[in-house]
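A structural walkthrough
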Amino acid sequence: DGKAAKIAVQWGFIIVLIVIVVALALALAFFVMLKFKNMVKIKHLKDSLEIANNNNDRKSLFINNISEQINPSLEAIARGDKQQATALQDFMQHIKEYMVLENSREQLYEQQELNMERLCKDVVAEAKDSIKSDLPIKIDAHGITFPSNEEVLKQLLVILISELAKSGETERISLEFKKRNPHTGNFLVTGIGFKIPADKRENLFQAIAEVKDLTIDDGMKLPTCALMAYKLNGNLRLDEEFAQGTRFVVELHC
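Here is a short report on the structure shown in this document. Values in this document were obtained by computation on a predicted structure and should not be read as measured data.

Quick word on the overall build of the chain
For the chain, the helix and strand inventory stands at seven helices and seven strands. Helices (α) and strands (β) of the chain occur, in sequence order from the N terminus, as α-α-α-β-α-β-β-α-β-β-α-α-β-β. Residues counted as buried form 39% of the 254 residues belonging to the chain. Of all intrachain contacts in the chain linking residues separated by at least 6 positions in sequence, the fraction that spans at least 24 positions is 73%. With an accessible surface of roughly 15400 Å², the chain has 57% of that area assigned to carbon and sulfur atoms.

Comments concerning the packing of helix α5 (residues 150–165) against helix α7 (residues 221–231)
Packed helices, taken two at a time, are described by the angle their axes make and the gap between the axes. Interhelical geometry of α5 versus α7 gives an angle of 150 degrees and a closest axis separation of 10 Å. By the criterion of interaxial angle, the relationship of α5 to α7 is roughly antiparallel. Of the two elements, α5 crosses α7, and the hand of that crossing is left-handed. The segment α5 lies against α7, with Val 152, Gln 155, Leu 156, Ile 159, Leu 160 and Glu 163 engaging Lys 221, Leu 222, Cys 225, Met 228 and Ala 229.

Observations concerning the environment of Gly 245
Among the structural elements, Gly 245 can be located in strand β7 (residues 245–253). Here Gly 245 falls in the buried class, since its relative accessible area comes to 1%. Apart from residues lying up to four places away in sequence, Gly 245 is in contact with Gly 191, Gly 193, Phe 194, Lys 195 and Arg 201.

Focus on the packing of aromatic side chains
Within the structure shown, the criterion is met by three aromatic pairs. Residues Phe 146 and Phe 177 carry aromatic rings whose centres are separated by 5.6 Å and whose planes lie at 55 degrees to one another, so their mutual orientation is tilted. Taken together, the positions of Phe 146 in strand β3 (residues 145–148) and Phe 177 in strand β4 (residues 172–181) put the pair 31 residues apart, joining distant regions of the chain. A relative accessible area of 0% places Phe 146 in the buried class. For Phe 177, a relative accessible area of 2% translates into the label buried. An angle of 65 degrees between the planes, with centres 6.4 Å apart, marks the rings of Phe 205 and Phe 248 as edge-to-face.

Looking at the pattern of salt bridges
Scanning the model with the defined rule gives 15 salt bridges in all. Across the salt bridge formed by Lys 154 and Asp 122, the nearest N and O atoms sit 3.4 Å from each other. Taken together, the positions of Lys 154 in helix α5 and Asp 122 in helix α4 (residues 116–131) put the pair 32 residues apart, joining distant regions of the chain. Look at Lys 154 and you get buried, because its relative accessible area is 18%. Two residues, Glu 251 and Arg 237, come together in a salt bridge whose shortest N-O distance is 3.4 Å. With Glu 251 in strand β7 and Arg 237 in strand β6 (residues 234–238), this pair connects stretches of sequence that are 14 residues apart. What emerges from the salt-bridge pattern is a single network uniting Arg 118, Asp 122, Glu 150 and Lys 154.

Conventions we followed
- Residues numbered from 1 in each chain as written.
- Predicted model: local features only at pLDDT ≥ 70, side-chain atom pairs only at ≥ 80, totals over all residues.
- Heavy atoms only, no water.
- Helix = DSSP H or I, 4+ residues; strand = E, 2+ residues; numbered from the N terminus.
- Buried < 20%, exposed > 50% of the residue type's maximum accessible area, 1.4 Å probe, protein only.
- Contact = heavy atoms within 4.5 Å.
- Areas by Shrake-Rupley, 256 points an atom, 1.4 Å probe, with all protein chains shown as cover.
- Axes fitted to C-alpha atoms, helices over the stretch in contact; angles between N-to-C directions.
- Parallel < 35°, antiparallel > 145°, perpendicular 65-115°, else oblique.
- Left-handed = near helix turned anticlockwise from the far one by under 90°.
- Phe/Tyr/Trp six-rings, centres within 6.5 Å; stacked < 30°, edge-to-face > 60°.
- Salt bridge = Lys/Arg side-chain N within 4 Å of Asp/Glu carboxyl O.

Written as structure tokens, this is what we have:
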């Protein structure tokens, strides 16, 4: 009886140890998940703060240089140049649209599951109507599904394709979607032949970074696209390692 009681105590002790180990393992797993969640949240806040700081710098720069930016247009308008009047109106509208996005950047767009192959076909059809060109555009998505906002994502991709297509150096364009993992996917918008000059890359996604000829390009499209990508819970960047032309990367998270 004494031996049986001793064995029972030992088994009880082992069971208690197992329970403690399991509890500690669960607690550790919870701690790791919580830490990872906090790291993601901190990174998101840092990204948001960086956008806010950059935009504040650009707003100050724009205010300081506003006369330099719009005076050529105003002088041309005074001479009866309707093209300059239209360009200035478009510029002010683009700034307004950008500011609406910037002021609501933490209000992410709603997401729904999308068939990326179908979406890419719709984007290419819309882009071809927009650019009025026979430039070949290749699609690679293979029926992959991924959650995002269809309307905003289409608008973003059409703008990127249009930006590549407007250069006479672009030989062909491709639109690809790559699913990196269940929670991350990348759109690759590639223009073969056309390379954005190195001195233009640093401020490519920054609004009002320099004085421009508004009749040619006010420089607001790509900064607006960058904010759209952010509100899609992602980001927009250049693939700096791609050497055969220009490649935009739209990284999405769900």
